[in-house]
Amino acid sequence: MSSSLPRLLVVTLGGTIASVAAADGVGAVPRLGPAELLASVPAAAGLADISVKSFRQYASGDLSLDDIIELAELIRERADELDGFVVTQGTDTLEETSYLLELLLGPIGRPVVLTGAMRNPSLPGADGPANLLAAIRVAVSPSAAGLGPVVVFADEVHLPRFVRKAHSSHVAAFRSPHAGPIGWVTEDRVRIPLAPSGYPAPLRPARFTRPLPTVGITKIGLGSAPLRPHHVEGLDGLIVEVFGGGHVPSTIVESLASVNESIPVVMVTRTGGGELYESTYAFPGSERDLLDRGLTSGRAFDAAKARLLLICLLASGAQRPDIKERFDTAL
Ligand code: DAS
């Protein structure tokens, strides 16, 4: 007899949520598969007809862009036969994998929910089971169906374009500067009262140039020296984390402008929040100066997400005006 429950695919990629003590007993390594993760949340069986896929077994820093591109294809291929997807992985790169999935999938009419854990299953107060159960609740909730991928963590629902891992060890490590969480889970109730005003057209990896472009990130600090050619050797694009609303020491402006002549340079604020200015200051090294010299404003993006967006745009063959336009409109 076929079940009337929503059909859900749980895809596991490793991370703390799947980690157990290493062979020598020191530290934890990803080893648990989906069946073991689901065994920690018996209530899930009453919520969905769950199938599983062990996709990767990595610390999340070892996931590649191609891993996530392949995951996006898997989700796209199976979207017709399933009602939702849950992806479990390490938290270190969750803010990036979720955003890459948002860029590649957009809202595909099926919830795609990413989660993980800050404490592995052997630690007191392990948060994996609670996060997994909350993620499953969101993935079977009609309120998530019209959205693109979301991150569910510590009972909050976050949009990938905003979410950041903002603490190295707290269980509530994820925050969304600018927007805050768009929803929450309380007991068995999923509430998503906020939704983005739109999604740009999904990017098509089938059309990406290979190998994928290489985009670096440079953070400007007090007294930073001008960039030299070897700093950008081999790069196809550069993200520069600048002071405040869009400022750098006046001594490095020429070097940034010169790098921007050969590869696109996108600036983002190093403050962790807020959008760059465009017409507030006019001193050498100000946002106005840098924009006049052709640098692209990363608007309110953080460096990690700006890097992913620039990689995808360059891989799609985007030229400078397209890149500027996408950064201007992507949030
Ligand atoms: N920081 C660990 C985690 O939270 C490791 C990883 O990201 O895989 O899962």
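This text goes with the structure placed above it.
Now for a look at the structure at hand. (Residues numbered from 1 in each chain as written. Predicted model: local features only at pLDDT ≥ 70, side-chain atom pairs only at ≥ 80, totals over all residues. Heavy atoms only, no water.)

Summing up its helical and strand segments, the protein chain has 9 helices and 16 strands in all. Relative to the 2.2 N^0.38 estimate, which gives 20 Å for 331 residues, the radius of gyration of the protein chain is 21 Å and therefore close to what a compact globule would have. Expressed along its principal axes, the backbone C-alpha trace of the protein chain runs to roughly 70 × 45 × 35 Å. Buried positions account for 52% of the 331 residues belonging to the protein chain. Partitioning the contacts of the protein chain with sequence separation of at least 6, the portion at a separation of at least 24 is 72%. For the protein chain, the distance from the average position of its 29 positive side-chain charges to the average position of its 35 negative side-chain charges is 2 Å. (Helix = DSSP H or I, 4+ residues; strand = E, 2+ residues; numbered from the N terminus. Rg over C-alpha atoms; globule rule 2.2 N^0.38 Å. Buried < 20%, exposed > 50% of the residue type's maximum accessible area, 1.4 Å probe, protein only. Contact = heavy atoms within 4.5 Å. Lys, Arg positive; Asp, Glu negative; His and termini not counted. Charge placed at Lys NZ, Arg CZ, Asp CG, Glu CD.)

Among all positions of helix 6 (residues 253-262), only V253, S255, L256, A257, V259 and N260 are buried. Structurally, helix 6 contributes buried residues whose contacts are with helix 5 (229-232), strand 14 (237-242), strand 15 (265-269), helix 7 (287-292) and helix 9 (320-329).

As a matter of local geometry, the ligand sits amid G15, T16, A59, S60, G90, T91, D92, A117 and K165. The separation between an oxygen atom of the ligand and a polar side-chain atom of T91 is 2.3 Å. A distance of 3.3 Å separates an oxygen atom of the ligand from a polar backbone atom of A117. For the ligand, the accessible surface in isolation is 260 Å², of which the surrounding protein chains cover 84%. In terms of residue class, the shell around the ligand is made up of 2 nonpolar, 5 polar and 2 charged. (Near = heavy atom within 4 Å. Polar contact = N/O pair within 3.5 Å; in protein donor to acceptor, adjacent residues only side chain to side chain. Areas by Shrake-Rupley, 256 points an atom, 1.4 Å probe, with all protein chains shown as cover. Nonpolar A, V, L, I, M, F, W, Y, C, P; charged D, E, K, R; others polar.)

Right, let's get into the pattern of salt bridges. Throughout the structure, instances matching the rule amount to 18 salt bridges. For R307, the salt bridge goes to E96, with nearest N and O atoms at 4.0 Å. Of this pair, R307 sits in helix 8 (residues 303-315) while E96 sits in helix 3 (residues 94-105), and the two are 211 residues apart along the sequence. Across the pair R299 and D328 runs a salt bridge whose closest N-O atoms are separated by 2.9 Å. Placement of R299 in the loop between strand 16 (296-297) and helix 8 and of D328 in helix 9 is noted, with a sequence separation of 29 residues between them. In the salt-bridge network here, residues are joined through shared partners; they are E275, E278, R299, K324 and D328. (Salt bridge = Lys/Arg side-chain N within 4 Å of Asp/Glu carboxyl O.)

What follows deals with the sheet that holds strand 7 (residues 150-153). Judged by pairing direction, the sheet is mixed, and its 8 strands sit side by side in the order 4-1-5-6-7-8-11-12 without closing on themselves. This sheet does not close on itself; its edge strands, each paired only once, are strand 4 (49-58) and strand 12 (189-191). Averaged over all pairs of adjacent strands, the angle between their axes in this sheet comes to 20 degrees, without regard to strand direction. Relative to strand 11 (residues 183-186), strand 8 (residues 156-158) is paired through 2 bridges, and the arrangement is antiparallel. When the sheet's bridge partners are listed, V157 is paired in strand 11 with G183. Strand contacts of helix 2 (residues 65-78): strand 1 (7-14), strand 4, strand 5 (84-88) and strand 6 (112-115), with the helix running at about 165 degrees to strand 4, the strand carrying the most contacts. Helix-sheet contacts for helix 3 involve strand 6 and strand 7, and the interaxial angle to strand 6 is about 170 degrees. (Pairing = 2+ DSSP bridges. Axes fitted to C-alpha atoms, helices over the stretch in contact; angles between N-to-C directions.)

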